[in-house]
Amino acid sequence: MQTNTFRLVTTGSIIGLIGTALITTSKATSDHVSWWNTEQEKTQAENAKAIADAYQKNQIAHFNQLIVSNYTLNNTPPQLDWQHTVNKSEKTIIYDRFRKCIGYAYQGKFYFTLYYTGVCD
């Protein structure tokens, strides 16, 4: 009788050890995958920053859209220095904080959607 109890305890212990080993291996694999994804995202962010820094250093950053984050479309256009805010030689579409087109800037002037019909078409 005592031998059967010993086998039962031994078998249970072995099953428990195998289960623990599987859980530990699974966790280690999961941790490695998480680490790898984090490192990959970090590398991508560093590359994007390096490109942005190069553009800024050489002053060749060009964009044709601008979101005025502290402005919501109303009867008064946003008060910005359009001569220096965007590139004067390119048409830049301007959006309010809710991503609604409010006009465009071109050659230092702002063409507001409520003053000039069709500027956002």
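Residues numbered from 1 in each chain as written. Predicted model: local features only at pLDDT ≥ 70, side-chain atom pairs only at ≥ 80, totals over all residues. Heavy atoms only, no water.

> Looking at this model, I keep getting lost on the sheet that holds strand 1 (residues 65-67). Mind explaining?
Two modes of strand pairing occur in sheets, parallel and antiparallel, and in both the strands are linked by backbone hydrogen bonds. Read across the sheet, four strands follow the order 1-2-3-4 without closing on themselves; strand pairing throughout is mixed. Because the sheet does not close on itself, it has two edges, and the strands there are strand 1 and strand 4 (109-112). On average, each strand axis in the sheet is tilted by 25 degrees relative to the strand beside it, whichever way the strands run. (Pairing = 2+ DSSP bridges. Helix = DSSP H or I, 4+ residues; strand = E, 2+ residues; numbered from the N terminus. Axes fitted to C-alpha atoms, helices over the stretch in contact; angles between N-to-C directions.)

> Can you walk me through the pairing of strand 3 (residues 101-106) in this structure?
A large share of strand 3 lies buried, amounting to five of its six residues. For strand 2 (residues 92-95) and strand 3, the ladder comprises four bridges, and the chain directions are antiparallel. Bridged to Ile93 within strand 3 is Tyr104. Once strand 2 ends, the chain turns through five residues before running back antiparallel as strand 3, passing Arg99 with a positive phi of about 65 degrees. As paired strands, strand 3 and strand 4 are joined by four bridges and run antiparallel to one another. Pairing of Tyr104 across the sheet is with Tyr111, part of strand 4. The antiparallel hairpin formed by strand 3 and strand 4 contains two residues in its connecting segment, where Gln107 sits at a positive phi of about 55 degrees. (Buried < 20%, exposed > 50% of the residue type's maximum accessible area, 1.4 Å probe, protein only.)

> Sorry if this is basic, but what is going on with the environment of Arg99 here?
If you trace the backbone, Arg99 turns up in the loop between strand 2 and strand 3. Taking relative accessible area as the criterion, Arg99 reaches 55% and is therefore assigned exposed. Sequence separation between Arg99 and Leu73 is 26 residues; the distance between their C-alpha atoms is 9.9 Å. Of note is the side chain of Arg99, whose polar atom sits 3.1 Å from the backbone oxygen of Arg97. (Polar contact = N/O pair within 3.5 Å; in protein donor to acceptor, adjacent residues only side chain to side chain.)

> Could you clarify how one ought to interpret the state of the cysteines in this entry?
Formally, a disulfide is one covalent bond, and it connects the sulfur atom of one cysteine to the sulfur atom of another. Within the structure shown, the criterion is met by one disulfide. Each disulfide pairs two cysteine sulfurs, and for Cys101 the partner residue is Cys120, the sulfurs being separated by 2.0 Å. Across the disulfide from Cys101 to Cys120, rotation about the S-S bond amounts to roughly -80 degrees, and the bridge is consequently left-handed. In this pair, Cys101 sits in strand 3 while Cys120 sits in the segment after strand 4, placing the two residues 19 residues apart along the sequence. Cys120 gets classed as partly exposed once you look at its relative accessible area, which sits at 28%. (Disulfide = S-S within 2.5 Å.)

> What should I look at first to understand the packing of aromatic side chains in this one?
Any aromatic ring pair is given by two values, namely how distant the centres are and how the planes are angled relative to each other. Here the structure, examined in full by the defined rule, presents five aromatic pairs. Between Tyr104 and Tyr111, the aromatic rings sit 4.9 Å apart at their centres with planes inclined by 25 degrees, giving stacked as the arrangement. With respect to class, Tyr104 is no different from Tyr111; both count as buried. Ring geometry for Phe110 versus Phe112: centroids 5.9 Å apart, planes at 40 degrees, classification tilted. A relative accessible area of 11% places Phe110 in the buried class. Classification of Phe112 by relative accessible area gives buried; the value is 1%. Put simply, the rings of Trp82, Phe110, Phe112 and Tyr115 pair up and form one aromatic cluster. Looking at Lys91, its charged tip hangs above the ring of Tyr104, at a distance of 4.3 Å from the centre. (Phe/Tyr/Trp six-rings, centres within 6.5 Å; stacked < 30°, edge-to-face > 60°. Lys NZ or Arg CZ within 6 Å of the ring centre and 35° of its normal.)

Nothing here speaks to function; it is geometry throughout.
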